[in-house]
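# Secondary and tertiary structure notes
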Amino acid sequence: MRYLPLLAATLSFNVFAASTPDAPHIYIQGQAQISTIADNVRLGVAIVEVDKDLMSAKQKADQTMAKAIKLAQQQGIDEKSIYGSQISINRENQYNRETGKQDFIGYRVSRTLSLTLTDVTKYPLLLQSLVNAGINEINQTEFTSSRFESLQKKVQKMAIADAKSAAREFAADYDVELKGLYSASNAPMNVSAQPYMRAEKTMLSDSNSGSFVPDAYHAGEITISADSYAIYLIKN
């Protein structure tokens, strides 16, 4: 089990940071994590066309984007989970070493598409269909959980509970008495001493994480973590 020196943990005063009390105290860190199976895919793709004819480049990009959106809808993706960006147009030049000048290559026209797929088994087919339709950039692929927000709240409460346990553990090991909570935060505090934490963080496997499909691009397991920091006043 890992401990901090008692003086470093308990006798940090305002001379170091305004967030600490002018009284004996301990600075605690609680940690927790939940493991769950990814059941959603956030996908970001794009179509980029370069042509000296601006209208031609725009038309190609728009046509590809229309195909991509239709494919997403055919895969059962909710319209609220489909976002097609506005068009972006830039001149594209290339340096010519012989002339020392910038040669005009064409107009670079691009559009991006963001999707959230709620069935990871459809991901390989959707991705290949988008490429076949003309999508030529894959910007983001993130496997996540449909229960991320609720699990995030849960793991934060677990981290708080772990911080409380660490405070009681410290008090018992060093024969001091907890007087009460002085301050708490989900982020590290401006304290000179390192926080005391339990040697093993609280861990939980989410039992309601849906079906895992091993051949669906190996979406696998994701981990949601949280920390909680607290300062407790003590009697020694």
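Preceding block: the structure.
This section reports on the structure supplied with the text. (Residues numbered from 1 in each chain as written. Predicted model: local features only at pLDDT ≥ 70, side-chain atom pairs only at ≥ 80, totals over all residues. Heavy atoms only, no water.)

## A look at the overall build of the protein
This is how it is decided: A run of H or I in DSSP counts as a helix once it spans at least four residues, and a run of E counts as a strand once it spans at least two, with each numbered from the N terminus. Accessible area is worked out with a 1.4 Å probe on protein chains only. A residue is then buried under 20% of its type maximum, exposed over 50%, and partly exposed in between. We get accessible surface area from the Shrake-Rupley algorithm with a probe of 1.4 Å; when it comes to residues, only the shown protein chains can shield them.
From N to C terminus, the protein includes four helices and nine strands. Taken from N to C terminus, the helices and strands of the protein fall in the order α-β-β-α-β-β-β-α-β-α-β-β-β. Here the protein holds 236 residues, and 40% of them are scored as buried. With an accessible surface of roughly 13,600 Å², the protein has 48% of that area assigned to carbon and sulfur atoms.

## Regarding the nonpolar core
To keep things clear, this is the line we draw: Among buried residues, the Ala, Val, Leu, Ile, Met, Phe, Trp, Tyr and Cys ones that are joined through side-chain atoms within 4.5 Å form a nonpolar core. Should any heavy atoms of two residues lie within 4.5 Å, those residues are counted as being in contact.
Ranked by size, the top nonpolar core spans 23 residues in total, and within it Leu 43, Ile 77, Leu 113, Leu 115, Leu 126 and Leu 130 carry the most contacts. Of all the elements, helix α2 (residues 54–74) adds the most residues to this core, at six residues. For Leu 115, the residues in contact, after removing those within four places along its chain, are Val 41, Arg 42, Leu 43, Ala 72, Ile 77, Ser 81, Ile 82, Leu 126 and Leu 130. With twelve residues, the next largest nonpolar core counts Ile 26, Ala 163, Ala 166 and Ala 171 among its residues.

## Re the pairing of strand β4 (residues 88–96)
The line we're drawing: In this description, strands pair whenever DSSP reports at least two bridges between them.
Pairing of β4 with strand β5 (residues 101–117) involves nine bridges; the strand directions are antiparallel. Counted as the bridge partner of Gln 94 is Asp 103 from β5. In this structure, the hairpin formed by β4 and β5 is closed by a connection of four residues, where Gly 100 is found at a positive phi of approximately 75°.

## Considering unusual backbone geometry
Even without being glycine, Asp 175 reaches a positive phi, approximately 55°. You can see Asp 175 is positioned in the loop between α4 (148–173) and β7 (177–185). What makes Asp 175 exposed here is its relative accessible area of 70%.

## Looking at α2
Given 3.6 residues per helical turn, the α-helix brings residues three or four places apart onto the same face. Where we set the bar: Helix span, as expected, comes to 1.5 Å for every residue beyond the first. This arc describes the spread of directions from the helix axis toward the C-beta atoms. By the criterion applied in these results, polar contacts are pairs of N or O atoms within 3.5 Å in which, for protein atoms, one can donate a hydrogen and the other can accept it, and in which residues neighboring in sequence qualify only through two side-chain atoms.
The end-to-end C-alpha distance of α2 is 30 Å, a good match for the 30 Å that 21 residues give at a rise of 1.5 Å each. Every buried residue of α2 is accounted for by Ala 57, Ala 61, Thr 64, Met 65, Ala 68, Leu 71 and Ala 72. The buried residues of α2 occupy an angular sector of 120° when the element is viewed end-on, so they sit on one face. Turned more than 90 degrees away from the buried face of α2, the exposed residues are Met 55, Lys 70 and Gln 74. Looking at the buried side of α2, the elements it contacts are β2 (40–51), β3 (82–84), β5 and α3 (123–132). Of the residues flanking the start of α2, the one acting as N-cap is Asp 53, its side-chain oxygen 3.1 Å from the backbone nitrogen of Met 55. Remark: Gly 76 follows α2 within two positions and exhibits a positive phi of approximately 85°.

## Regarding the packing of aromatic side chains
Operational definition: Side-chain rings of Phe, Tyr and Trp (the six-membered ring for Trp) are treated as a pair once their centres are within 6.5 Å; stacked means planes under 30 degrees apart, edge-to-face means over 60, and tilted covers the remaining angles.
Applying the stated criterion to the full structure yields five aromatic pairs. Ring pairing ties together the aromatic residues Phe 170, Tyr 174 and Tyr 196, which thus form one cluster.

## With respect to the pattern of salt bridges
Going by this rule: When a carboxyl oxygen of Asp or Glu lies within 4 Å of a side-chain nitrogen of Lys or Arg, that pair is called a salt bridge.
Using the criterion set out here, one finds seven salt bridges in the structure. Between Arg 108 and Glu 137 there is a salt bridge whose closest N-O contact spans 3.6 Å. Of this pair, Arg 108 sits in strand β5 while Glu 137 sits in strand β6 (residues 137–144), placing them 29 residues apart in sequence. Accessibility expressed as a relative area gives 27% for Glu 137, which makes it partly exposed. The structure contains a network of salt bridges with shared partners spanning Lys 58, Asp 62 and Arg 111.

## A word on the environment of Phe 148
Structurally, Phe 148 can be placed in helix α4. With 110 residues separating them in the primary sequence, Phe 148 and Ala 38 have C-alpha atoms 9.5 Å apart.

On their own, these measurements won't tell you what the molecule is for.
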